Amino acid sequence: MGDEFILRPRMSRIYWNKKFLDYPLNGRDVVKKLGPVELTRSVGSYLWAAVKPKGKEETFEDWVSNRFGRRLFELFFRSYTEKVWGVPTSELRAEWAAQRIKGLSFFSAAKAAFFGNEGNKVKSLIQEFHYPRYGPGQMWETMTDEIRALGGEVRLESPVERIVVEDGVVRELVVAGGERIEPGHVISSLPLRTTVAITEPHAPGDVAEAARGLRYRDFLTVALVLDGEDLFPDNWIYIHDPSVRVGRIQNYRSWSPWMVPDESKACVGLEYFCFAGDRLWTMADEDLVAFATRELGQTGLADPSSGPRPAARPWLPTSRPAATRRRSRTPARWPGGRPPTSLPGRCPSSSTCRPSSRPPSRPPSESPSESPPQPSPQPSPQPPSCVPCPC
């Protein structure tokens, strides 16, 4: 993408107990915001966990408590994690926590807080990132242009209905309408449970059962446009407050100034984690906007009476696979050792945005396939209708 992939500073904070804590952690800020009493309790809890850790780490709760202490787990990990995943932390596996919070512990976080994170050795505390000038959709537009420039073809509205495998290799794809395609290689962003369900010959019983048991969390964003300056300089704010449903709030101009070119306006995105078909997912647009506006006021970031206007309501079905204990206890192996397709990342919708409208009556996560993201025109200086990926 060349110069269109710009380097942006990372700034985010944690909203906790009506206070904003810097993240990555800043030693002085932590001491100031927690106060001497809470700080002493947290350090004491960590020391106790270091001396008497729980022997067998089976859950996210066990893993985090052993490395940060029970007090910090309760303050900063439980409410946000349960809000994001929709299950108790006692149902999330320890192996998932080890991967998700890679390289981060009480000691490494404290060291980074007081002495900095030189060289970005702790990935969770990275200070800068590269980002498309006009948002994630620009990556897929660029990819589409490159494919076509090389003589390739990009098809939209062509869901794959069957994946035919022979000797561990995908030999044929059957798309809607019955057309058969012989691919050289297959990269599939379908949810794993869908990939298994439409593969022929059918997967062994244990693989099929494990796939059916996979649990996914869905995701939606309510983007609101407000008059005036940005509400905050952060890229996003983590909402560690169980009294509101919103999980994060994004400031799109902080991702890229080109995404909100009108300096007299601010645009924020309230991120909600839910399940397709639940009350939040199926809420009417006007009700969801009113709900998000009230929650934005509860955080103290904006005055609800200022009349925020809706900008977009993108949905990302099956955006986050969750490793729960009940769903992932039995190992299952695909014949040959791995699925026959390459599986990129964890965002099956590739940050595709949909304009504000009511959700389809059939939850997208139940569809056998999702269409590739629709390239959108790139007027200048207005950005395409895209929002940051929730990864």
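Computed from a predicted model, the values in this text were never measured in an experiment.

**Some remarks on the sheet that holds strand E6 (residues 169-175)**
Moving on, step 1. Strand order in this open sheet of four strands is E7-E6-E5-E8, and the pairing throughout is mixed. Edge positions in the open sheet fall to strand E7 (180-181) and strand E8 (199-200), since each of these has one partner strand only.
Moving on, step 2. Note that E6 and E7 share two bridges and pair antiparallel. Bridge assignment links Val174 to a residue of E7, and that residue is Arg180.

**Some thoughts on the environment of Val196**
Moving on, step 1. For Val196, the location among the structural elements is in helix H7 (residues 192-197).
Moving on, step 2. On the accessibility criterion, Val196 (10% relative accessible area) is buried.
Moving on, step 3. With 14 residues separating them along the chain, Val196 and Ala210 place their C-alpha atoms 9.7 Å apart.

**Description of unusual backbone geometry**
Moving on, step 1. Note that the residue after Glu200, namely Pro201, is joined by a cis bond; omega there is -5°.
Moving on, step 2. Relative to the assigned elements, Pro201 resides in the loop between E8 and helix H8 (205-212).
Moving on, step 3. Although it is not a glycine, Glu157 adopts a positive phi angle of roughly 50°.
Moving on, step 4. Its place among the elements puts Glu157 in the loop between helix H6 (137-149) and strand E5 (160-166).
Moving on, step 5. What makes Glu157 exposed here is its relative accessible area of 64%.

**So, the packing of helix H2 (residues 60-68) against helix H3 (residues 70-85)**
Moving on, step 1. With their axes 8 Å apart at the nearest point, H2 and H3 run at an angle of 140° to one another. The angle between H2 and H3 falls in the class oblique. As for the relative orientation of H2 and H3, their crossing is right-handed in sense. From H2, Phe60, Glu61, Val64, Ser65 and Phe68 reach across to H3, where they touch Arg70, Leu72, Phe73, Phe77, Arg78 and Thr81.
Moving on, step 2. For the contact of H2 with H3, the per-class residue count stands at six nonpolar, two polar and three charged.

**Re the side chain of Asp234**
Moving on, step 1. By the element assignment, Asp234 lies in the loop between strand E9 (215-227) and strand E10 (236-239).
Moving on, step 2. Polar contacts involving the side chain of Asp234 include one to the side chain of Arg13, which spans 2.9 Å.
Moving on, step 3. The residues contacting Asp234, other than those within four sequence positions of it, are Met11, Ser12, Arg13, Asn251 and Ser254.

**Looking at the packing of aromatic side chains**
Moving on, step 1. Per the stated rule, a full pass over the model turns up 10 aromatic pairs.
Moving on, step 2. Ring centres of Trp236 and Tyr238 lie 6.1 Å apart, and the angle between their planes is 90°; on these two criteria the pair is classed as edge-to-face. Assigned by exposure class, Trp236 and Tyr238 land together as buried.
Moving on, step 3. When the ring of Trp236 is compared with that of Trp255, the centres are 5.0 Å apart and the planes differ by 25°; the resulting orientation is stacked.

**Examining the side chain of Thr293**
Moving on, step 1. In this structure, Thr293 sits in helix H11 (residues 285-298).
Moving on, step 2. According to the relative accessible area criterion, Thr293 is buried, its value standing at 11%.

**Topic: the pairing of strand E12 (residues 265-274)**
Moving on, step 1. When you tally the buried positions in E12, you get nine out of 10 residues, the bulk of the element.
Moving on, step 2. Summarising the sheet, E9 and E12 pair through 10 bridges and their orientation is antiparallel. Within the sheet, the bridge partner assigned to Val225 lies in E12 and is Cys267.

Rules used throughout
Residues numbered from 1 in each chain as written. Predicted model: local features only at pLDDT ≥ 70, side-chain atom pairs only at ≥ 80, totals over all residues. Heavy atoms only, no water. Pairing = 2+ DSSP bridges. Helix = DSSP H or I, 4+ residues; strand = E, 2+ residues; numbered from the N terminus. Buried < 20%, exposed > 50% of the residue type's maximum accessible area, 1.4 Å probe, protein only. Axes fitted to C-alpha atoms, helices over the stretch in contact; angles between N-to-C directions. Parallel < 35°, antiparallel > 145°, perpendicular 65-115°, else oblique. Left-handed = near helix turned anticlockwise from the far one by under 90°. Contact = heavy atoms within 4.5 Å. Nonpolar A, V, L, I, M, F, W, Y, C, P; charged D, E, K, R; others polar. Polar contact = N/O pair within 3.5 Å; in protein donor to acceptor, adjacent residues only side chain to side chain. Phe/Tyr/Trp six-rings, centres within 6.5 Å; stacked < 30°, edge-to-face > 60°.

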